[in-house]
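A closer look at the structure
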Amino acid sequence: MKGTPLTEKTWKYICDLVPAEDDFLRQLNVEALEQEIPAIQISPDQVSFLQFFLRAIQARHVLEIGSLAGYSTITMARALPDEGQLFALEREPEYSFFIRKKVKEAGLENVVTVHTGEALETLETQEFPELDFVFIDADKMNYKRYLDLTVPMLRKGGVVCGDNALAWGMIADTDVPADREDVLGMQEFNAAMAARDDLACSMVPLGDGMFMGVKL
Ligand code: DHB
Ligand code: MG
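Since the model is a prediction, treat every value here as computed from it, not as a measurement.

1. Points about the nonpolar core
- Ranked by internal contacts, the top residues of the largest apolar core, which has 41 residues, are Leu-86, Val-112, Phe-133, Met-210 and Met-212.
- Take this core: its biggest share by element is five residues, from helix 3 (residues 44–56).
- Those residues in contact with Leu-86, other than ones at most four positions away along the chain, are Val-62, Glu-64, Thr-73, Met-76, Ala-77, Leu-80, Val-111, Val-112 and Thr-113.

2. Description of the pattern of salt bridges
- Within this structure, the stated rule accounts for 14 salt bridges.
- Across the pair Lys-12 and Asp-16 runs a salt bridge whose closest N-O atoms are separated by 3.0 Å. Of this pair, Lys-12 and Asp-16 are both found in helix 1 (residues 8–17), four residues apart, which corresponds to roughly one turn of the helix.
- Glu-21 is paired through a salt bridge with Arg-26; the nearest N and O atoms lie 3.7 Å apart.
- On the basis of relative accessibility, which here comes to 18%, the residue Glu-21 falls in the buried class.
- One connected set of salt bridges, linked through shared partners, spans Glu-31, Lys-101, Lys-102 and Glu-105.

3. Digging into the site of ligand 1
- Lining the immediate surroundings of ligand 1 are Ile-40, Asp-137, Lys-140, Asp-163, Asn-164 and Trp-168.
- One nitrogen or oxygen atom from the side chain of Lys-140 is found 2.8 Å from an oxygen atom belonging to ligand 1.
- Here an oxygen atom of ligand 1 sits 3.1 Å away from a polar atom, N or O, in the side chain of Trp-168.
- Taking 290 Å² as the accessible area of ligand 1 by itself, protein coverage stands at 66%.
- Of the residues that constitute the shell around ligand 1, the class distribution is two nonpolar, one polar and three charged.

4. Brief notes about the sheet that holds strand 1 (residues 61–65)
- The seven strands are arranged 3-2-1-4-5-7-6 in an open sheet whose pairing can be described as mixed. Each end of this open sheet is capped by a strand with a single partner; those strands are strand 3 (112–116) and strand 6 (199–204). Neighbour-to-neighbour, the strand axes of this sheet turn through a mean angle of 15 degrees, independent of strand direction.
- Lying on the sheet, helix 3 is in contact with strand 1, strand 4 (131–136), strand 5 (154–163), strand 6 and strand 7 (210–215); it crosses strand 7 at an angle near 5 degrees.
- The strands touched by helix 7 (residues 143–150) are strand 1, strand 4, strand 5 and strand 6; relative to strand 5, the strand with the most contacts, the crossing angle is about 170 degrees.

What counts, and where the lines are drawn
Residues numbered from 1 in each chain as written. Chains lettered and ligands numbered in written order. Predicted model: local features only at pLDDT ≥ 70, side-chain atom pairs only at ≥ 80, totals over all residues. Heavy atoms only, no water. Core = buried A, V, L, I, M, F, W, Y, C linked by side-chain atoms within 4.5 Å. Buried < 20%, exposed > 50% of the residue type's maximum accessible area, 1.4 Å probe, protein only. Helix = DSSP H or I, 4+ residues; strand = E, 2+ residues; numbered from the N terminus. Contact = heavy atoms within 4.5 Å. Salt bridge = Lys/Arg side-chain N within 4 Å of Asp/Glu carboxyl O. Near = heavy atom within 4 Å. Polar contact = N/O pair within 3.5 Å; in protein donor to acceptor, adjacent residues only side chain to side chain. Areas by Shrake-Rupley, 256 points an atom, 1.4 Å probe, with all protein chains shown as cover. Nonpolar A, V, L, I, M, F, W, Y, C, P; charged D, E, K, R; others polar. Pairing = 2+ DSSP bridges. Axes fitted to C-alpha atoms, helices over the stretch in contact; angles between N-to-C directions.

Shape descriptors only; they carry no functional weight alone.
Here you go:
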């Protein structure tokens, strides 16, 4: 059995059933567009799933690689306890400025710390506490490197999650052109993650797919 296809109608039903995208997140998207930040945020059904999941594992320490406008940052920070910490890694200074502004407006400045710069460098130079959850949503060619650098930082039972794991519908393609480094990067990432014997993995086909692995 292949499961039920996600039609537009069913998708809308899911989003309405658990309305996780509130006015604040909608307004964030409007302002992000005005600032010419690409509209490639996670989908509303990913919002409710991530919040549900972080609460289920009682996450306190979250690392996000690639925060863009802070939509998923604020989504996840809202699901953490008061003493929780979310480390948001973002390469672009202008995006980081925007994220900090929205985080402050959301009253989450005690939870979220934005680290501006190349994530590979931040991961090498910064100390982070033991992590409960890692959300990878940055440059696709480096996903495997982010995976290798962050799995050691996870607690046992902690989870790593790669966004865009279905690569815009091209993940199963065998004739990916060489200039689609993003699709090739996702294929490499999924295969590397599935092959690790320190992770138990599952594909969650919400949005553009999230490949998730729990540390054994
Ligand atoms: C796109 C979507 C994403 O979620 C992402 O992380 C990067 C790019 C896109 O649709 O181009
Ligand atoms: Mg993404």
